[in-house]
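# Observations on the three-dimensional arrangement
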Amino acid sequence: MVSLTRSGDRTIEEKEALLGYALIAPALVLIAAVILYPVLYNVYLSFTVVPLRPDEAPQWIGLEHYYNLFGSSAFWSALRTTIVFTFFSTTLATLGGLGTALLFNRSFRGRRYIRGMVLLPYVAPLISVAFVWRFMLDPLYGIFPYLGSDVLGLYAGSIDILSNGDTAIWSVILIDAWRYFPFAFLMLIARVQAIPGDMYEAAKIDGASKLAQFKDITLPELKYILATVFLLRWIWNFNKFADIWLLTRRVETLPIYAYQVAFANYQHGQAAAISMVLFLALIVFVLAYVAWALDW
Amino acid sequence: MSTKQSTYRHVVDSFKTALGLGESTLETSLAERVVFYVALGLTLLITLFPFYYMALASLLPESSLYSLPPTLIPQDLTLEHYRTVFGPETFPFLTYFKNSFVIATTTAGASVLVATFGAYSFARLDYRGRGVISRGVLMVYMFSGILLVVPMFQVIVWLGFVDSLASLFVTYLVQTLPVSLYMLGNYFRSIPEEIEEAAIMDGYSRLEVIFKITLPLSAPAIVAVFFFTFMIAWNEYLFASIFLQSQSVFTLPIGIEALSSSFRQVWGQIMAASLLTSVPLIVMFTYLEKFMVEGLTFGAVEG
């Protein structure tokens, strides 16, 4: 951007372009400084040992963190947990959202208000939602352990669902699906309503059952938006930290593993390597998924 | 022409939806309606029960909170937990609330300010590299918090912002920018360009057009984006848990978590604090709902 004093000689197009750059510049500078720079710095840190004292420079060690990672069983187990958590929570949230969207695809009294209520789990603060679930699952006074073990006798009452390695992951998956199905619902409801009603009328005249109508009309009409919702939720769940961390310390996904290595063990370089692997795994998944979804 | 028609149809459809005229229900049988209402009831039960339980637990006296079977329909209610939450003895809830409010308001305000001009630039001004830049900004959205947390910690230490709200201001401002840019850009594009062109014909400069026409027309959307970024900042846990160390600067998520790790059973107070934490977001949501369901891509906020 040269001196603006000469702006009188510029054409309108040039002035517009200059204004365009000027208006976007603050946003770009901030994003470059506080997102792009840290991301690149993270790449560098993943090849170093980061000293505890901030005035000492990181020490270059090359690929050692990555070798350590691929040789450690904790890493592979965290990767497996991440994939299980992401797959099931994403699938359940998407299916729940689809079911609710189909349910709301008709008129009934109070539809608007009820639709608003269905969005509540997604809108309420994470901290509140996490703690009410922790209270409801509390082994001593929680309502779900009471129902599950004292009333229905499904399991021995002494198990703390959120602190038990086997049950914790499934609880977290279900709670995550509960919190985010409204997002899928929100994305899907507009598309469900946009499906022309005469398509169903024609199918009905041809004698197609409800199930056939769903399979041959609804699903094909929704497949791209379903694929998009699934992808977005997959990306967000893959990186999920706080939702899991606030519920339990017994579900160790990659983000949680990285957090603990960085801020409990103070191995920042190692943690940087974990988050790099997390990021690259996600990119590979997204590319493969997009290639698959596009020629679906 | 075709875009005009589709906007028109969109408007008609959204009115129909709002009035509940979307699909006809005339031909449904009794059995179908029973199944429908049972399914709807179950959906509502699953969705709302935790909120009912939160409100209930915040009002129950200790004696019925910690006894079996759990109380579902209360006999007597008490405001004791709320009194404790607002009192200074157990934990400084009001300080946390104030910190969260200050950080959410300032970041949302700054994010909207920076994003409004940036989004206008993306939506209306023509220059080389615009497409690449606007797509690049969206790609930035792919970088998760966990990828940024280690290097950002180093940056915050270097800036000397550890244990101050300034660390969160910087982090949240920039992390909400891509969403704000995206949502506002979409909104600006939905304003008919003819209005702005007519004003330019009348001798308005581009900046005058922005301030006197586009911004007033977009006021509802700008408020909506403000609320959305407020909600993101209000909820944020990861960075706050690392950058903040002393109680006096804790935000609500960190403060409530700290309360829960005390050795006494304090579920009543935690539930009261959780409910109070939800209030601002639910109030904002009543305003935001129409933006979310109208498919203006307003719902696609990371979560």
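Basis of the calculations
Residues numbered from 1 in each chain as written. Chains lettered and ligands numbered in written order. Predicted model: local features only at pLDDT ≥ 70, side-chain atom pairs only at ≥ 80, totals over all residues. Helix = DSSP H or I, 4+ residues; strand = E, 2+ residues; numbered from the N terminus. Rg over C-alpha atoms; globule rule 2.2 N^0.38 Å. Buried ≥ 20, exposed ≤ 12 C-beta atoms within 10 Å, placed from the backbone. Contact = placed C-beta atoms within 7 Å. Bend = angle between axes of the 7 residues up to and from the residue. Domains from an automatic or database assignment. Nonpolar A, V, L, I, M, F, W, Y, C, P; charged D, E, K, R; others polar. pLDDT = per-residue confidence, 0-100. Axes fitted to C-alpha atoms, helices over the stretch in contact; angles between N-to-C directions. Parallel < 35°, antiparallel > 145°, perpendicular 65-115°, else oblique. Left-handed = near helix turned anticlockwise from the far one by under 90°. Core = buried A, V, L, I, M, F, W, Y, C linked by C-beta atoms within 7 Å.

We now examine the overall build of chain A. Helices and strands together make up the secondary structure of chain A, namely 13 helices and two strands. Expected size for 296 residues packed as a compact globule is a radius of gyration near 19 Å; at 25 Å, chain A overshoots this value by more than 25%. Along the longest, intermediate and shortest principal axes, the C-alpha atoms of chain A span 70 × 65 × 35 Å. Across the 296 residues of chain A, 39% fall into the buried class. Restricting the contact set of chain A to residue pairs at least 6 apart, pairs at least 24 apart contribute 68%.

What follows covers the overall build of chain B. When its secondary structure is counted, chain B shows 13 helices and zero strands. Along chain B, helices (α) and strands (β) appear in the sequence α-α-α-α-α-α-α-α-α-α-α-α-α when read from the amino end. Taken across its 303 residues, chain B has 43% of its residues classed as buried. Long-range contacts, defined here as pairs at least 24 residues apart, represent 75% of the contacts in chain B between residues at least 6 apart.

Moving on, we come to helix H7 (residues 145–159) of chain B. Residues and elements named next belong to chain B. Along H7, the helix axis deviates most sharply at Pro151, where the bend reaches about 35 degrees. Looking only at H7, the buried set comprises Gly145, Ile146, Leu147, Leu148, Val149, Val150, Pro151, Met152, Phe153 and Ile156. Count one or two residues on from H7 and you reach Gly160, which has phi positive near 75 degrees.

Turning next to the environment of Ala31(B). Residues and elements named next belong to chain B. In this structure, Ala31 sits in helix H2 (residues 30–59). C-beta crowding within 10 Å serves as the criterion here: with 8 such atoms nearby, Ala31 is assigned to the exposed category. On a C-alpha basis, the gap between Ala31 and His81 in space is 46 Å, while along the polypeptide they are 50 residues apart.

Residue and element names in this part refer to chain B. Domain annotation of chain B identifies domain 1 (14–78) and domain 2 (80–293). The distance between the C-alpha centroids of domain 1 and domain 2 comes to 31 Å. Ranked by the residues each element gives to the side of domain 1 that touches domain 2, the list is headed by H2, at four residues. Its residues placed into classes, the side of domain 1 that touches domain 2 shows seven nonpolar, two polar and one charged.

As a further point, take the domain arrangement of chain A. Its domain assignment divides chain A into domain 1 (4–45) and domain 2 (68–294). In this structure, domain 1 of chain A and domain 2 of chain A have C-alpha centres spaced 37 Å apart.

Attention now goes to the confidence of the model for chain A. When pLDDT is averaged across chain A, the result is 87; 95% of the residues are at 70 or more. Contacts for the low-pLDDT stretch residues 1–7 of chain A, under 50 throughout, to residues beyond four places or in other chains number four contacts.

Turning our eyes to something else, we now look at the packing of helix H1 (residues 12–45) of chain A against helix H5 (residues 93–124) of chain B. Here H1(A) crosses H5(B) at 130 degrees, and the two axes come no closer than 8 Å. Classified by the angle between their axes, H1(A) and H5(B) sit oblique to one another. For the element pair H1(A) and H5(B), the recorded crossing hand is left-handed. Along the contact surface, H1(A) presents Gly20(A), Leu23(A), Ile24(A), Pro26(A), Ala27(A) and Leu30(A), while H5(B) presents Val114(B), Ala115(B), Phe117(B), Gly118(B), Tyr120(B), Ser121(B) and Phe122(B). Along the lines of polarity and charge, the residues of the contact of H1(A) with H5(B) split into 10 nonpolar, three polar and no charged.

Next up on the list: the packing of helix H9 (residues 193–201) of chain B against helix H10 (residues 206–235) of chain B. Residue and element names in this part refer to chain B. Across the interface, H9 lies against H10 with an axial gap of 11 Å and an inter-helix angle of 140 degrees. Judged on the interaxial angle alone, H10 and H9 are oblique. The two elements H9 and H10 meet at a crossing, and its hand is right-handed. Of H10, the residues touching H9 (which contributes Ile195, Glu196, Ala199 and Ile200) are Val209, Ile213 and Thr214.

This part covers unusual backbone geometry. The phi dihedral of Tyr266(A) falls on the positive side, at around 60 degrees, and the residue is not glycine. If you trace the backbone, Tyr266(A) turns up in the loop between helix H12 (254–263) and helix H13 (268–294). Of the residues examined, Tyr266(A) has 12 C-beta atoms within 10 Å and is grouped as exposed. The backbone of Asp163(B) shows a phi angle near 65 degrees, a positive value even though the residue is not glycine. With respect to the helices, strands and loops of the structure, Asp163(B) is situated in the loop between H7 and helix H8 (165–190).

In this section: the nonpolar core. All names here are of chain A. Leu188 and Ala258 are the most contacted members of the largest nonpolar core, which has 160 residues in total. With 17 residues, the single largest contributor to this core is helix H8 (residues 165–194). Excluding residues within four positions of it along the chain, Leu188 makes contact with Gly97, Leu98, Ala101, Leu222, Ile225 and Val229.

Okay, the interface of chain A and chain B next. Taken together, the contact between chain A and chain B spans 76 residues of the former and 88 residues of the latter. No other element matches the 19 residues that H1(A) contributes to the side of chain A that touches chain B.

All names here are of chain A. The residue Thr253 is located in the loop between helix H11 (242–245) and H12 in this model. For the pair Thr253 and Phe241, spaced 12 residues apart in the sequence, the C-alpha separation amounts to 8.3 Å. Setting aside residues no more than four positions away along its own chain, Thr253 makes contact with Ala78, Thr81, Thr82, Phe85 and Ile244.

Residues and elements named next belong to chain B. Residue-level pLDDT values for chain B average 84, and 87% of them are 70 or greater. Helix H11 (residues 238–243) holds the highest mean pLDDT among the elements of chain B, 94, whereas helix H1 (residues 2–18) holds the lowest, 54. Contacts from residues 19–26, a stretch scored under 50 in pLDDT, to residues over four places away or in other chains number 14 contacts. Among the prediction metrics, the complex's ipTM stands at 0.89, with pTM recorded as 0.87.

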